[in-house]
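So the chains spell out like this:
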Amino acid sequence: MLNSEETVKALNVMGEVFPNATTSLTKTDPFHFMLSVILSAQATDKAVNLVTPALFERYKTPVDLANASLPEVESYIKTLGLYRNKARFLVKCSQELLERFNGVVPKTRKELMSLTGVGRKTADVVLAECFGIPAFAVDTHVSRVAKRLAIVPPESDVLTIEKILMRKVPKDLWIKGHHRMIFWGRYQCMARNPKCETCPLLDICQEGQIRVMR
DNA sequence: AACTCGGGGCA
DNA sequence: TGCCCAGAGTT
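- By the naming in an unreviewed UniProt entry, chain A is Endonuclease III, taken from Ligilactobacillus faecis.
- Here chain A is described in UniProt, under the heading Sequence similarities (unreviewed entry), as follows: "Belongs to the Nth/MutY family."
- The Catalytic activity (unreviewed entry) field of the UniProt record for chain A holds the comment "2'-deoxyribonucleotide-(2'-deoxyribose 5'-phosphate)-2'-deoxyribonucleotide-DNA = a 3'-end 2'-deoxyribonucleotide-(2,3-dehydro-2,3-deoxyribose 5'-phosphate)-DNA + a 5'-end 5'-phospho-2'-deoxyribonucleoside-DNA + H(+)".

Next up, the structure:
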């Protein structure tokens, strides 16, 4: 298992390969950014960025979305997967935002996660991107990369992975580390056919070495 | 813990 | 054409 120092070293190698690793979601105000993150579930950021300009032009405030009709919201996001769920999430989330938070996106993880459509990962991304509050959001890319590099045990669940990452990585590297692992998982260490042959982390990657052998 | 939503991206 | 995916809610 990689120790703290080795983990940071690996993250820094990722940073050299992807110096501009950051979210591709269009950054707007916290309200609209939070909605963008909700929409990005099981979809690419590119696909999300394609629909959000028209969507947010139509629904500028939480009040607008709270009173929206579901079919109309769906019509704006039909090119995304899971669009019926997502439309429902956006409307209900806006209603709850008005009822409980006076229409202002809250700045704690607990409050964010109390909103419909906002889970652990979305909450962490909003905290980090909107408010600069350190969080190590764990998604499928982060999970896969952490396991392959043996930063975490192979059977770890998401919460365990997050705990270990937050322990092994200094807080000021949480947000960057998240972005780097996302890029690593998307462009170097893909789920199906990872580019192990040209991987600069192959020497510390047990799974990669096994993969290259055969 | 398993199931469901779902069009896109990619082999 | 088939398979998986920058998740979260429900049961």
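Quick look at the UniProt feature "domain: HhH-GPD" (unreviewed entry) in chain A
Phase 1: Look at the UniProt record and you will see "domain: HhH-GPD" (unreviewed entry) annotated at residues 39–187.
Phase 2: Along residues 39–187 the backbone is 65% helical and 0% strand, and the end-to-end C-alpha distance reaches 21 Å.

Topic: the protein's contact with DNA strand C
Phase 1: Not every one of the 22 residues close to DNA strand C is listed here, only the nearest: D45, T122, T140, H141 and I182.
Phase 2: Here the atoms of DNA strand C within 4 Å of the protein split so that 70% fall in sugar or phosphate, with bases taking the remainder.
Phase 3: One of the side-chain N or O atoms of Q42 is found 2.5 Å from a phosphate oxygen in DNA strand C.
Phase 4: Interatomic distance of 2.9 Å between a backbone N/O atom of G117 and a phosphate oxygen of DNA strand C.

Side note on the domain arrangement of chain A
Interfaces are often described in size by the accessible area the parts lose on coming together.
Phase 1: With domains assigned, chain A is organised as domain 1 (4–21 + 137–213) and domain 2 (30–131).
Phase 2: Taking the mean C-alpha position of each, domain 1 and domain 2 sit 28 Å from one another.
Phase 3: Tallying the contact residues gives 10 residues for domain 1 and eight residues for domain 2.
Phase 4: Overall, the association of domain 1 and domain 2 removes approximately 660 Å² of surface from exposure, summing both partners, and the carbon and sulfur fraction of that is 56%.
Phase 5: The largest share of the area that domain 1 buries against domain 2 comes from A137, E162 and I175, three residues that together contribute 47% of it.
Phase 6: In this structure, the connection of domain 1 to domain 2 is made through one salt bridge.
Phase 7: At the boundary of domain 1 and domain 2, one finds three residue pairs in polar contact (both at pLDDT 80 or more).

Things to note about the side chain of E74
Phase 1: Tracing the sequence through the fold places E74 in helix α5 (residues 70–76).
Phase 2: Among buried charged residues, E74 stands out as having no salt bridge; its nearest opposite-charge side chain is K78, 4.7 Å away.
Phase 3: Apart from the residues within four sequence positions on either side, E74 is in contact with Y83, R84 and A87.

Some words on the packing of aromatic side chains
Phase 1: For the coordinates displayed, the defined rule picks out five aromatic pairs.
Phase 2: Taking 5.9 Å as the distance between ring centres and 70° as the angle between the ring planes, the aromatic pair formed by Y59 and Y76 counts as edge-to-face. With Y59 in the loop between α3 (45–58) and α4 (62–66) and Y76 in helix α5, the pair connects residues that are 17 residues apart, well separated along the chain.
Phase 3: Its relative accessible area of 1% is what places Y59 among the buried residues.
Phase 4: A centroid spacing of 5.5 Å and a plane angle of 55° characterise the contact between F183 and Y187, whose relative ring orientation is tilted. Of the two residues, F183 and Y187 both sit in helix α11 (residues 174–188), four residues apart, roughly one turn of that helix.
Phase 5: We classify F183 as buried; its relative accessible area is 17%.
Phase 6: Look at Y187 and you get partly exposed, because its relative accessible area is 41%.
Phase 7: Here the aromatic residues F18, F183, W184 and Y187 are joined through ring pairs into a cluster of three or more.

Conventions used here
- Residues numbered from 1 in each chain as written.
- Chains lettered and ligands numbered in written order.
- Predicted model: local features only at pLDDT ≥ 70, side-chain atom pairs only at ≥ 80, totals over all residues.
- Heavy atoms only, no water.
- UniProt positions renumbered as here; feature names shortened; annotations may be inferred.
- Helix = DSSP H or I, 4+ residues; strand = E, 2+ residues; numbered from the N terminus.
- Near = heavy atom within 4 Å.
- Polar contact = N/O pair within 3.5 Å; in protein donor to acceptor, adjacent residues only side chain to side chain.
- Domains from an automatic or database assignment.
- Contact = heavy atoms within 4.5 Å.
- Buried area = accessible area lost by both parts, 1.4 Å probe.
- Salt bridge = Lys/Arg side-chain N within 4 Å of Asp/Glu carboxyl O.
- Buried < 20%, exposed > 50% of the residue type's maximum accessible area, 1.4 Å probe, protein only.
- Lys, Arg positive; Asp, Glu negative; His and termini not counted.
- Phe/Tyr/Trp six-rings, centres within 6.5 Å; stacked < 30°, edge-to-face > 60°.

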